[in-house]
Amino acid sequence: MRSLRPLVLVGAVLATAMLLPAVASAAGDCPNGMRCETVRVPLDRSGATPGTLGLRVVAQRGDRPLLLVLTGGPGQSGASLAAGFAPVMNAVAPRFRIAMLDQRGTGPDGLDCPAMQRAALTDLTVPPPGSVEACGRRLGAARAFYTTTDTVADLEAVRRALGVDRMAIMGTSYGTYVAERYARAYPDRVSHLVLDSVVPQENVDPFFAASMRRAGTVLRQLCAGGACRPATRRPVADLRALVERLDRTPIRLRVEVGGRRVPVVLDGPAMFDLTISLSSFLQGELTLLPTAVRGALDGDPRLLRAMYRHVRRQQRTPVRSLSWGLHTATLCGDLALPWGTAAAPAAGRTAAVAARLRTLPAGHFGPFGRRTAQRNGALLTCRRWQPTPVAPAPAPGPLPAVPILMVAGSWDLSTPVEDARREARRAPTAKLVVVPEAGHSVITAVPCAQIVLARFLAGRPLGRPCARHRAPRPGAPATSYRPAR
């Protein structure tokens, strides 16, 4: 997932002027053939809180139609990726010129909450004690101005600054949510939508129930035809049993992150975090999970511990690449949470979570359970976030009748395929492509998905180039462990 430059607004005329983008040259070298600018936008578009933000924008020069590429997170920077990403996209989409930006709160001046930044987090990792609260205090009242509603208004300012009437938008993960929201707010300004790893307009379920249920489907597919023998014949039941055991007796270990040995707890929520990380981002290593789970149940957790250490070590990112301060401010400001909006008093939040869970049927969370759902990192983070008044997100509705491509990985537990199907039902023009055994961020990870994208942007039939895609299955990993007899 910024530095703020205070500016006092005097009178209605200046306040109105601040709603228009001011453009200046961006600091530093600009890649050849690209235009680099900083688009200044108000921190608070109501004018009640003074200050402006600079959005770094990098766009290819020329008069071809514009394709604006939105990164994910929330919190991932984009401008620094443009020089490398644009030539790749030009090969796929030669009719378009590419633009990328640092959304508010991201990039070199991204919102910096050091304790969270050091903790090697994912959406589901439970942040260290006190880190969320310290982040909220550090951002102060400004934390109210980093919702997707603010970002959508920023994109309109960027469009005007770049001087285009309409633009194609490609979003990945959280970027799909921004793209959908922008397309709903400014339908006449969008020519195409490409949504990769779709977050629906309802946004993320704070309990992640669909992801938890789909974990069982993914494990059954992974182990079909006896692929996980001799380690196990019951991978889903094994995972359920291990989660229940770890919730009673967690494994405590230390993980080296950024030169520091960090204490971590491997419990039910951590197992969900591990499962979603492997399935969404490390499909080759997912093959080891049934073996590791069976080993832990049989009293040998060494493989499970090694896998968890490996995944956590890869999660640390510098603030200029992914701001966890912005991630938290946006997520907790956007989500529909059991206690209501981000402005709800902290005192009643725990009870609201428990009350909501009591309404959900048994089996709602697949091989996981209510305890895992109740203590997942995203929900705990927002429960600890200070009460913050924000405008509610608009109700979901139909997407504009423009060409729309949606791409989902069938093994993606971060944005499960059910979410893409839900959003596709809102768009009569949408073409949904589900890539078998693919994880998150499909277009950048799977070459056949780039063929789909090229055909879509060229207005050609998509065909089925990904029909035979399969995740890597290195070296029969199930044989590396023999259950104790």
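What comes next is a walk through the structure. Here the structure is a predicted model, which is why all the values come from computation and not from measurement.

With respect to the state of the cysteines
1) Next: If you walk through the whole model with that rule in mind, you get five disulfides.
2) Next: Each disulfide pairs two cysteine sulfurs, and for Cys30 the partner residue is Cys36, the sulfurs being separated by 2.0 Å. Between Cys30 and Cys36 the sulfur-sulfur dihedral comes to about 85°; the bridge is accordingly right-handed.
3) Next: Its relative accessible area of 31% is what places Cys30 among the partly exposed residues.
4) Next: Covalently, Cys223 is tied to Cys228 through a disulfide, its sulfur atoms 1.9 Å apart. Here the S-S torsion is close to -75°, and the disulfide linking Cys223 with Cys228 is therefore left-handed.

Observations concerning the pairing of strand β3 (residues 52-60)
In summary, the side chains of a regular strand alternate between the two faces of the sheet.
1) Next: Most of β3 sits inside the fold, with seven of its nine residues counted as buried.
2) Next: Pairing analysis gives nine bridges linking strand β2 (residues 34-42) to β3, with the strands arranged antiparallel. Note that in β3 the partner of Met34 across the bridge is Gln60.
3) Next: Here three bridges tie β3 to strand β5 (residues 97-101), and the two strands are oriented antiparallel to one another.

Things to note about the pairing of β5
1) Next: In terms of burial, β5 is largely enclosed, as five of its five residues are buried.
2) Next: In the classification by handedness, the crossover that spans strand β4 (residues 66-70), the intervening helix α2 (residues 82-92) and the parallel β5 is right-handed.

Some details on the pattern of salt bridges
1) Next: Tallied over the entire structure, the rule returns 17 salt bridges.
2) Next: Put simply, Arg56 and Asp109 hold a salt bridge, and the shortest N to O gap is 2.9 Å. Of the two residues, Arg56 is situated in strand β3 and Asp109 in the loop between β5 and α3 (114-117); the sequence distance between them amounts to 53 residues.
3) Next: Glu423 is paired through a salt bridge with Arg426; the nearest N and O atoms lie 2.7 Å apart. Just as Glu423 is buried, Arg426 falls in that class too.

Basis of the calculations
- Residues numbered from 1 in each chain as written.
- Predicted model: local features only at pLDDT ≥ 70, side-chain atom pairs only at ≥ 80, totals over all residues.
- Heavy atoms only, no water.
- Disulfide = S-S within 2.5 Å.
- Buried < 20%, exposed > 50% of the residue type's maximum accessible area, 1.4 Å probe, protein only.
- Helix = DSSP H or I, 4+ residues; strand = E, 2+ residues; numbered from the N terminus.
- Pairing = 2+ DSSP bridges.
- Right-handed = clockwise from strand over helix to strand, strands pointing away.
- Salt bridge = Lys/Arg side-chain N within 4 Å of Asp/Glu carboxyl O.

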